[in-house]
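Remarks on the overall topology
Below are the chains, spelled out letter by letter.
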Amino acid sequence: MAKYTITMSCGHTDTVELFGREKDRQRKIEYFEEQGLCKECYKKEMQAQVEKEGLVFNASVLPSISESDGDFLIYVWFSGNTMPHKEEIKALGGYKWEECQAASNLLSLKYEPCWGKTVKFQNLKEEIEKAKSIGAKEKFEKGLFASANYEMALKNKEKWQANKEQIDAIPKPITPEIVKDHYWNGRIYGKSGNYCVYLDNKKTPITDEQEKEITAYLTAKEEYAKKVDEIKKA
Ligand SMILES: [Zn+2]
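Small disclaimer: the values here were computed from a predicted structure and weren't measured. (Residues numbered from 1 in each chain as written. Predicted model: local features only at pLDDT ≥ 70, side-chain atom pairs only at ≥ 80, totals over all residues. Heavy atoms only, no water.)

For the rest of this paragraph, the subject is the packing of helix α5 (residues 144-169) against helix α6 (residues 208-233). For the pair α5 and α6, interaxial distance at closest approach is 10 Å and the crossing angle is 155 degrees. Accordingly, the angle class assigned to the pair α5 and α6 is roughly antiparallel. The handedness of the crossing between α5 and α6 is right-handed. Packed against α5, whose contacting residues are Lys159, Asn163, Gln166 and Ile167, the element α6 presents Tyr224, Val228, Ile231 and Lys232 at the interface. (Axes fitted to C-alpha atoms, helices over the stretch in contact; angles between N-to-C directions. Helix = DSSP H or I, 4+ residues; strand = E, 2+ residues; numbered from the N terminus. Parallel < 35°, antiparallel > 145°, perpendicular 65-115°, else oblique. Left-handed = near helix turned anticlockwise from the far one by under 90°. Contact = heavy atoms within 4.5 Å.)

Rendered as structure tokens:
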């Protein structure tokens, strides 16, 4: 390894470290002289590119889906000239400076941070409008990795839908009238002839008949949860 002072194509001199055989070093020096930029000019060039690109709003489908309603999850993030828009991006709500979940970053070992967040597909339109309101252009991630994510999301959605149909087919335990619409810790206290529950933190006596009904309900609820779990694990 050796340091070389080279007059770059921009006319400024810069020092670079070169490795390898003399012949290869000579070739690199020629390349720098013809096309290379000094560190300052390189920085300026990068900045000019980013400014030319402008603010870009990106979206890419994630392989996982929303567990609650089966909706697709979309990763949205800003790229390009984000620096001058930092406060506006934050004001849009939910964006964090975090590792970018773009599909094309999946195999990247580098930490690639961005202003990003995860939204449901049903909210994507709204997010696009918000991004446009601060002057961003929209861009959707395409390519092999984005397609792979989409395929996986589709599969997950199909599975979710099939699970939902099975879960919906299981009768849901009916909540006994006495505890319905109350805050209840799910416990019964006392003994036969003297049972009580705490409803909205208030001690409430119940009959033996009600105790039986509530106990049966708790058992049914447990069985229901077990069946749902089995379906999801299958
Ligand atoms: Zn220069």
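Back to the text.
Now for the coordination of the zinc ion. All of the protein donors around the zinc ion are Cys10 (SG), His12 (ND1), Cys38 (SG) and Cys41 (SG); their distances to the metal are 1.9 to 2.3 Å. Note that the zinc ion binds 4 donor atoms; their angles at the metal cover 106 to 113 degrees, and the shape is tetrahedral. Site description for the zinc ion: donor spacing in sequence, C-x1-H-x25-C-x2-C. Each of the two residues, Cys38 as well as Cys41, counts as buried. (Donors = N, O, S within 2.8 Å, 3.2 Å for Na, K, Ca; no water. Tetrahedral: all angles 85-135°; square planar, octahedral: opposite > 155°, others 65-115°. Buried < 20%, exposed > 50% of the residue type's maximum accessible area, 1.4 Å probe, protein only.)

Let us now look at the sheet that holds strand β10 (residues 202-206). Strand order across the open sheet formed by 3 strands is β8-β9-β10, with antiparallel pairing between neighbours. The strands lining the two open edges of the sheet, one partner per strand, are β8 (189-191) and β10. Neighbour-to-neighbour, the strand axes of the sheet open up by a mean angle of 25 degrees, direction not taken into account. Sheet analysis places strand β9 (residues 194-199) next to β10, joined by 5 bridges and oriented antiparallel. Bridge pairing links Tyr198 to Lys203 in β10. (Pairing = 2+ DSSP bridges.)

The next point concerns helix α4 (residues 124-133). By the burial criterion, the buried members of α4 are Leu124, Glu127, Ile128 and Ala131. The arc that holds every buried residue of α4, seen down its axis, measures 100 degrees, which confines them to one face. Exposed positions of α4 whose direction lies more than 90 degrees from the buried face are Lys125 and Ser133. Looking at the packing, one finds that the buried side of α4 touches β3 (55-65), β4 (72-80), α3 (86-92), β6 (113-120) and β7 (137-140). Two residues or fewer past α4, Gly135 is found with a positive phi of approximately 90 degrees. (Arc of directions from axis to C-beta.)

Our focus in this paragraph is the side chain of Asn81. Relative to the elements of secondary structure, Asn81 occurs in the loop between β4 and α3. Assessed through its relative accessible area of 13%, Asn81 is described here as buried. Those residues in contact with Asn81 that sit more than four places away from it in its chain are Gln47, Val50, Glu51, Gly54 and Leu55.

Structurally, Glu51 can be placed in helix α2 (residues 39-53). Under the relative-accessibility criterion, Glu51 is labelled partly exposed at 47%. Distance in space between the C-alpha atoms of Glu51 and Met83 is 9.9 Å, their sequence separation being 32 residues. Reaching out from Glu51, the side chain makes a polar contact with the side chain of Gln47 at a distance of 2.8 Å. (Polar contact = N/O pair within 3.5 Å; in protein donor to acceptor, adjacent residues only side chain to side chain.)

Moving on, we get to the nonpolar core. The biggest cluster of nonpolar side chains holds 21 residues, and the ones touching the most others in it are Phe57, Ile74, Val76, Phe78, Ile89, Tyr95 and Leu124. At the level of elements, β3, β4, α3, β6, α4 and α5 are the ones that each hand at least two residues to this core. Considering every element that reaches this core, the biggest residue donor is β3, with 5 residues. Contact partners of Leu124, with chain neighbours within four places excluded, come to Ala59, Ile74, Val76, Val119 and Phe140. (Core = buried A, V, L, I, M, F, W, Y, C linked by side-chain atoms within 4.5 Å.)

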